[in-house]
Structure formats: C-alpha cells, structure tokens
Amino acid sequence: MNTSMPDSKTILRETWKNGTTLLAYPNLTSPAVYFTGYMQPGAIADPEEMFGLASFTTDMLMTGTKQLNFQRLHDKIESIGASLSLGTGHLSTTFFGQCLREDLETVWNLLVEVIQEPAFAEKQFKRVRNQILTGIAIQNQDTAEMASQAFNRALYGSHPYAHPDIGYAQSVSIFKLDRLKLFHETHYGPDGLVIAVCGGIEPEMAQEIFSRSLGAWQYDAQSPPEELPPFIPPTASIRSHVALEEKNQSDLIIGVPAPKTVSRDFHVCSIGNSILGKYGMMGRIGKAVREKAGLAYEVSSHLGAGIGPTAWTISAGVNPENLEKTIALLRQELLRFTTEPVTQQELQDVKTQALGRLPLSLESNAGIASILVSIERFGYGLDHLRQLPAIIESITTEEILTTAQRY
Amino acid sequence: MLKEIHTVPVTSTWLWYGIGSRNELPEKTGLSHWVEHMQFKGTHKFTGDDIDSLVARVGGYANAFTSPDWTTYFETMPSAHLHATLELEADRMINSLFDPEDVETERTVIISEREGSENYPEFRLDEAVQMHAFQQHPYRNEVLGSKEDLLGITRDDLYKHYRKHYQPSNAILCIAGDISPNSVLEEVENLFGGIPSSPLSKSIPTPEKSLNPGNQLELEGPGEAHYLEIAWRCPAARDPDFFAYTIIESLLSGPSSLNMFGSGDINNRTSRLYQALVEEDFAASVFGDLSANIDPGVYKIFATIRPDGDPWAALKIINEQIRQITAHELSQREIDRAIKQASALFAYGSDNITNQGFWMGYSSSFADYQWVAEYLTRLRSVSPSQVLRTAQNYLREDQRVVGIYRATKTQGDL
C-alpha cells in the first residue's frame, strides 16, 4: 500500500472530451485492481408510473451482449476469478469491478461492451423479470425493508425518492422489452461517467487502458441528466405502521430530513450523529436501548449522504412488546440531544475517532476507490482528505446543538 | 503469531479461543456466544465504557464472533495504539466481571438478536436442516442457542464457562500489520505471560461421519417465496478430501471466499447449479456454503424459488447435476479454473491487513497456519480422480437432508 495520502499530487484525474472523468490512485504492492464509478441514469429517470425501469434496464446489461451470450460473458469473467456488477441508485447507475492486475484490460473491456452493446435477449428479459419479482416478494416480507419503504413514503411524499429503486410488482410486471431498449438508448452514454481505480497498476497505465476503449465513445443522442424535483419536507410528525404476520421482531425507523451533504451542517451533524448513535457500541442510543435497557440487539443512527435529499435516521429491531418502550427511550435521547450540548469529552472522543479512521479507510483498494468516487461526486476537490481534519477540529459542542435543533 | 506488514500504519489484533458451540452441552446452548457478549461489559480495570471507547476513540474498529469451533475478538487500530489493545485483551482474558445485572440485560439483547434472525424464513429453515444433519453432535445447534436455553442459563453457568475456557493454553494471539516483532513479543510476554493456565477440559464431541438416510423436512409459514436447502456431510478441514470438496463446491455452486472483510467475491453464474436452476427458471437464486470445521460438517446448497415455482422440481434438477458430478471425472481445465478463482480471492484479501490477521488465527482454530499458507498448493495437487471419488463418497442421496420452506401466502403477483 502506498503510504502517502491520496491528494492532488498523487491522484491522477482527467476528464475526456466525451464527458467521462477518470480518477486513479496506485497501490503497487497489491496484485489486484479494484474499479468503481457511476454514470447516468438513476431511478429518477423512471417515467411516471414506470417505477423500476432504470433498475430493470441495468439488470439486463449483465445478461449478455451482441457478441457474447450470458454463458460466454460470465465465463470470461469468472474463469479469471474476476467480478463485475452494476446497480441502480436514485441518481445514477453504479458499477464495480475487481480482478488481478494482468486482467484489468479484459475486465474493463467487458464492462464497456455490456454498457454499449447489451443484447436485451427475450429469454433473459423474462428470467430477469422473474428474479426481480421474486426479490420484491421477499422484500415484502422483510420487516426492515418494509419499515424503510414506509419511512421513505412518509418523508418524501410526492418526491421520486419515495419509491424503491427496484420498483413495484405492479410496475415491473408490465414492462415490455422494447421499453427497456429505448430507455438504454436514451440515457446511457459517456457524458457524466466517472471511473475511480485503485490497485497494483500505475495510474498512467490505467489511463491508457480505460481511455483506449472508452475515450473515443461519442453519443450525441444521450439525454441530459434528469433534473431533481424540489423536496418538500413534511410539516408535521407522521407515524406509519406496516403489519406483517408471524414475525418475532419489529423494525423501527425514526428520522428527519438530513442536511445537504455538501455543507458545513453535514460535517457538524456527522460528528453529532456519531455521539448519538454510532460511536463505540452505537453511541448514546446504543447505551440507553441496548446496554442499559436490554431492549434491542440492533439500534443505531445513520446520516444519509447523497446529491439529492437524504434522511437522518435511527433504526432498531425490537420485540413487538417493547416497541413503545423503545420509542419512548429514543425520544428521550433525542430530546437530550436537541436541548443540551454534548460534553467536551464526547466531542473530543468522536473527533479523534474521525481523524484516526482516515488511515484505516485507506487499508484496501476498495476503500480508496470509494473515497475517490465521493470526492468526485460531491465536488470535494482532490485535497479533501488533507482538508478534512481542520474541518473536524473546528466543530464545537454549541454548533452541534444548534445544528441538531434545526434538523 | 505475528506478521509484519508496513504498508499503512495499522495493526489488526486477533485473539482466538478454542471454544464454541461445538463444546456446549445440552440445555446450555448459546453459552459461548453469551460469554462473548459479556466480554464487552467490563473488568475492574476497564469498564464497559472504557472498552467501548478504547478502540473507537482512535478510529479503530473492533468486534467479536462466535462459531461452532471458536470464539474470536479483534481490533484493527492505528499501530501506535497496539499496546492498549493488548492490555485490554490480557485483562479480559481473566478479569471480566460478569455483573449479574449485565447478565440479565444481555439475556434480552441476545434473545432480541435471535428474534431478529427468526424473522427470516431462511434462518428458520437452516436451523431445522442443521438440526437434522447431526444426531448428537453439537454442530446441530444454533450458535445463538435455543430460546429455552437462553431463558435458563444463569450467571454462574456463564462465569464457569468463561473461567474454564478463557486461558492462555486455549488461546491463539495473532497480530498483523505495522509492528516490530521483537518488541511486540516482549510486550505480549509481559502482559500475558503471568496469566495462569489450568489443564484444558472441554467437552469433545464424537464426530459424525454419516447422516440418517431419508432426512427430509418441510416447514410452512407466511412469505412470498419458497426456499430449498440441502445439506450433505463434508469432511473436516484437515482431511485431504476437503480440498477436493472445495473444487466440487466451486464447480457446483461457485467459489467461496476465505476473506472475512468484504474483499471481493466472485459470482457463481457459470456454476452448474446456477446454469441449471436459475438460467432455466427453476429458481431465482442459488448459492452454496462449504464451511471449514474441526469435525466433519456440512456442505449446503440454498435455492430461492419463485412464488409460483415448485421446490420439488428444483430438487430434481439438483439431483441430476449431482448425478453428473458423481458419474464423470472433471477435466483438468475445470480444476484449473477453480484454482485460478481461489488465487484471485486470496489476492483480493491480501490488500487488507484485517484479513491477514484473521487468516492466521482462523486456520489455526481448526487446523494450523499451514492450512491457509498451503491452501493454493493443496488445491493444485487435487486430481480429477480424487474429485470424483470425493463426490461419490459424500454427495449421496441417502446421506443428505432436504429442507423446504413453503410460503403459505402470496400476493398473486406472478
């Protein structure tokens, strides 16, 4: 592992004429390479009442290309011990690949091929649809998933984020193959594509490999990214309960809209959130609900990050009989968090934790590539890791209190 | 066991105890896992809060796991703080308090952990299949323990279990990362050298090499997908046949990763079962699990069946695939491919110091360090005839458990 910090001197970053951006960072002691990134489209490009179209289209990409059927495509990947996958989020399609360094060009070229020339075979379409429908059927019986979907409906209301990216059984059942092909033709292209790579390869060599197959890709018909509709937060407290039969545990989510990810508030809330429900054995709420009351095995808080609206949540899995008791304890902790400043000791602890975690996040190729993606997605700048300590150090107990009160 | 890696200023410390659900007696299932929880509750020197903060404060991460064969505690930290980790582990090897109030709080926490798992049909099916796969051997029991036993275990049961099994003669300490071996050895000697060891006395079960013929079970419950699970006996990890079995697993259901911390997996879409079940629409997904154990364990295949699908039809397809693998030798090309996959998985894990620490103790817990050090060499020495013989010995229809979870409610979407 390269002991230097990824920064403007060590990260190779370039944007090609076609709108694709590459970030590369070397870890020359590693025999492997990991790459990840994102591109248009995300689930917000789903047309009205066609929830799940973007996700379904992405799932079809790995089922074969015009040159390689399913078997041959996956044989090429798996026979060299590589992996390649794609997934759809709210705003973008993400991709991941991992392989031995000598196989990088082979694996990358396969990804380019599945993105540019998917086969969209009828047989695969039916099979993938059945898989998606089975996945949805399983989710419908999953207490954590159902709680999450109910929470998103309540928080996001008419915003597209209220809907699961995978869609609903009703919408997925009626898609036609041609609609997926059209969606692919309309949205997939090099503009806005971001690639981050880390591993046992010199950045210049990675640049050569990645640009050889993608640098010349021009696609004028690619539609511009969907504009994100404004998010109107709820004006009153909402409580929603989904009942599922014969479950031994209830999953609970309590939350509010989170600050924008690229903001000072986000950094402040992130430090505050560690104190509330992450630090050590899940922070203050872990202490109250798990350690003292013994009510739950899983209880923690999470501050969502993203380009669009996100949520600041607490989640817990509890016996249904203890649900109200748990909610009362969580409310008590939230009241304390929003009426009293955190202690200097708590603040100091989470600050040193955040600073100490930086070298650990550089422990693996995947960890570094993920940081490179965040740097690009949120426009932090290549020296973000060097600037972060000063931002963290400047946060005060009073700032956490006043910021928490606003959210 | 020490391994120097100076690529980042990080160390990963793993303390392994040779105790798990394999050594538990009837009515006391879940003891080892519960003791693991209690190790975070404090000693006279380190309160529960101290333990919590010690690692978190410096940005490290820590956790513990209990398996049938072992219990392990790990801390991955900036290397400057290694001493604090070692001090904690030495102290809680002998000085944990097991406060009665903490015992009661943890009882409900663990029951909650179990209830969370019970929400999933897959867990319920797997627990039932596992129970049918062994007659007496404790591998039949869920590591979390049965709810009945969790309600009956006392503070004394836990404390006795702790004092009996947490001692140097039953422990392996592994440190990987940015260390200077001589000074670390001295530090370890200072901290652990004075902890007394008494002769080891633990329940050692009789290995069960075969299953009862005709084991079949069916569960029903709410849900919208059916599940099929099949378990066959597999050899102990030390058995030479284990490596041939690893090739079989790779071919049938896809390669398993020895990496603990998400350092990459390889998909199984070209595996024979994926091709036969998923590509032909008999199942929505299929995967396998071959676990490395001290005693003969099980190789399991799990398939998720669509709401309008038939688990018995999927079973027929699996039977056909098993018939093929027990009738014909694999080609050397197929074996080479499995080896290449295993090599790649090792490479992915090797950029992660936490994995390096894990591998040392993990393999020592059921075999020895050579097991992991020679893993690829031993895979390379497997011959097509050995694979065929292993498949014929183990993948028998009269030597397996078939479990089906049938969903009783569907929304009629399909």
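Once a new chain begins, its residue numbering starts again from 1 and follows that chain's sequence as written. Lettering for chains starts from A, numbering for ligands starts from 1, and both go in the order in which the items are written. Residue-level local features of this predicted model are given only where pLDDT is at least 70; pairs of side-chain atoms are given and counted only at 80 or more, and the full residue set underlies all totals for whole chains, interfaces and linings.

Moving on, we come to the overall build of chain A. In DSSP terms, a helix is any run of H or I states spanning at least four residues, a strand is any run of E spanning at least two, and both are numbered starting from the N terminus. When helices and strands are counted, chain A shows 15 helices and nine strands. Whereas a compact globule of 407 residues would reach a radius of gyration of roughly 22 Å, chain A reaches 23 Å, a difference of no more than 12%. Each principal axis of the C-alpha atoms in chain A carries an extent, and together these give about 60 × 50 × 40 Å. We call a residue exposed when 12 or fewer other C-beta atoms sit within 10 Å of its C-beta, buried when the count reaches 20 or more, and partly exposed for counts in between; the C-beta positions come from the backbone. Residue burial in chain A is summarised as follows: out of 407 residues, 47% are buried. Our contact criterion uses C-beta atoms placed from the backbone: two residues qualify when those atoms are within 7 Å. Sequence separation of at least 24 residues holds for 78% of the intrachain contacts in chain A that already meet a minimum separation of 6. Note on method: radius of gyration uses C-alpha positions; expected globular size equals 2.2 Å times residues raised to 0.38.

It is worth spelling out the interface of chain B and chain A at this point. Listed per partner, the contact involves 57 residues of chain B and 63 residues of chain A. At the level of secondary structure, the elements contributing two or more residues to the side of chain B that touches chain A comprise helix 2 (48–56), strand 4 (71–78), helix 4 (100–118) and helix 12 (332–349) of chain B.

We now examine the domain arrangement of chain B. All names here are of chain B. What the domain assignment lists for chain B is domain 1 (2–192) and domain 2 (215–407). Between domain 1 and domain 2, the C-alpha centre-to-centre distance is 27 Å. Across the boundary between the two partners, domain 1 contributes 31 residues, which contact 27 residues of domain 2. Elements represented by at least two residues in the side of domain 1 that touches domain 2 include exactly strand 2 (10–17), strand 4, helix 5 (121–133) and strand 5 (171–177). Of all the elements, helix 5 adds the most residues to the side of domain 1 that touches domain 2, at nine residues. Note: domain ranges come from an automatic or database domain assignment.

Residues and elements named next belong to chain B. Read across the sheet, five strands follow the order 1-5-2-4-3 without closing on themselves; strand pairing throughout is mixed. Whereas interior strands pair on both sides, the edge strands pair on one side only; in this sheet they are strand 1 (2–4) and strand 3 (61–66). Put simply, the sheet's adjacent strands are angled 10° from each other on average, direction ignored. Strands are treated as partners if at least two bridges between them are detected by DSSP. For strand 1 and strand 5, the ladder comprises three bridges, and the chain directions are parallel. The residue of strand 5 that forms the bridge with E4 is G177. Helix 13 (residues 353–366) rests against strand 1, strand 2, strand 4 and strand 5 of the sheet, and its axis sits at about 20° to strand 2. Orientation is described by axes fitted as lines to C-alpha atoms, over the contacting stretch for helices, and by angles from 0 to 180 degrees between their N-to-C directions.

Right, let's get into the packing of helix 1 (residues 53–61) of chain A against helix 7 (residues 177–187) of chain A. Residue and element names in this part refer to chain A. One way to put it is that helix 1 packs onto helix 7 with a least axis distance of 10 Å and a crossing angle of 90°. One element, helix 1, and the other, helix 7, form an angle in the roughly perpendicular class. When helix 1 is examined against helix 7, the residues L53, A54, F56, T57 and M60 are found in contact with a partner set consisting of R179, L180, F183 and H184. For this classification, the nonpolar set comprises Ala, Val, Leu, Ile, Met, Phe, Trp, Tyr, Cys and Pro, the charged set comprises Asp, Glu, Lys and Arg, and every other residue, Gly included, is treated as polar. Residues belonging to the contact of helix 1 with helix 7 are distributed by class as follows: six nonpolar, two polar and one charged. Each angle is binned into one of four classes, with values under 35 degrees roughly parallel, values over 145 roughly antiparallel, values of 65 to 115 roughly perpendicular, and all other values oblique.

All names here are of chain B. The element strand 5 is extensively covered by neighbouring structure, given that six of its seven residues are classed as buried. Relative to strand 5, strand 2 runs antiparallel, the two being bridged by seven bridges. From the neighbouring strand, T13 faces strand 5, where its bridge partner is I175.

Most of the time, phi is negative for any residue but glycine, and the peptide bond is trans. Note that the residue after A:Q40, namely A:P41, is joined by a cis bond; omega there is 0°. By the secondary structure assignment, A:P41 is in the loop between strand 3 (32–39) and helix 1. Phi is positive for B:F98, close to 55°, though the residue is something other than glycine. Mapping B:F98 onto the fold places it in the loop between helix 3 (82–92) and helix 4. Residue B:F98 is classed as partly exposed on the basis of its 19 C-beta neighbours within 10 Å. Of note, B:D281 is a non-glycine position whose phi angle comes to about 70°, a positive value. Looking at the element boundaries, B:D281 is found in the loop between helix 10 (272–278) and strand 8 (285–290). On the neighbour-count criterion, B:D281 (14 C-beta atoms within 10 Å) is partly exposed.

Residue and element names in this part refer to chain A. Taken in spatial order, the six strands line up as 1-2-6-3-5-4 in an open sheet, and their pairing is mixed. Unpaired on one side and paired on the other, strand 1 (12–15) and strand 4 (83–88) mark the two borders of the sheet. Across the sheet, the mean angle separating the axes of adjacent strands is 10° when strand polarity is ignored. Against the sheet, helix 1 engages strand 4 and strand 5 (93–100), with an angle of about 165° to strand 4.

Bringing the packing of helix 3 of chain B against helix 8 (residues 181–192) of chain B into the picture now. All names here are of chain B. Taken N-terminus to C-terminus, the directions of helix 3 and helix 8 make an angle of 30°; their axes are 9 Å apart at the nearest point. As summarised for this structure, helix 3 and helix 8 are arranged roughly parallel, according to the angle between their axes. In this structure, helix 3 crosses over helix 8, and the sense of that crossing is right-handed. Residue-level inspection shows H83, L86, E87 and A90 of helix 3 in contact with helix 8, the latter providing E187, V188, L191 and F192. A crossing counts as left-handed when the near helix is turned anticlockwise from the far one by less than a right angle, and as right-handed when that turn is clockwise.

All right, on to the domain arrangement of chain A then. Accessible area lost upon the coming together of the parts is a frequently used measure of interface size. Residues and elements named next belong to chain A. By domain assignment, chain A separates into domain 1 (12–214) and domain 2 (250–406). The straight-line distance from the C-alpha centre of domain 1 to that of domain 2 is 29 Å. Element by element, the count of residues in the side of domain 1 that touches domain 2 is highest for strand 3, at seven residues. In terms of residue class, the side of domain 1 that touches domain 2 is built from 17 nonpolar, 10 polar and one charged.

Another aspect to go through is helix 3 of chain B. B:L82, B:T85, B:L86, B:L88, B:E89, B:A90 and B:R92 are the residues of helix 3 of chain B that are buried. Close packing links the buried residues of helix 3 of chain B with strand 2, helix 2, strand 4 and helix 8 of chain B.

Moving on: the environment of B:Q135. Residues and elements named next belong to chain B. Tracing the backbone through its elements, the reader meets Q135 in the loop between helix 5 and helix 6 (147–152). For Q135, a count of 11 C-beta atoms within 10 Å puts it in the exposed group. Sequence-wise, Q135 and L211 are 76 residues apart; in three dimensions their C-alpha atoms are separated by 8.0 Å.

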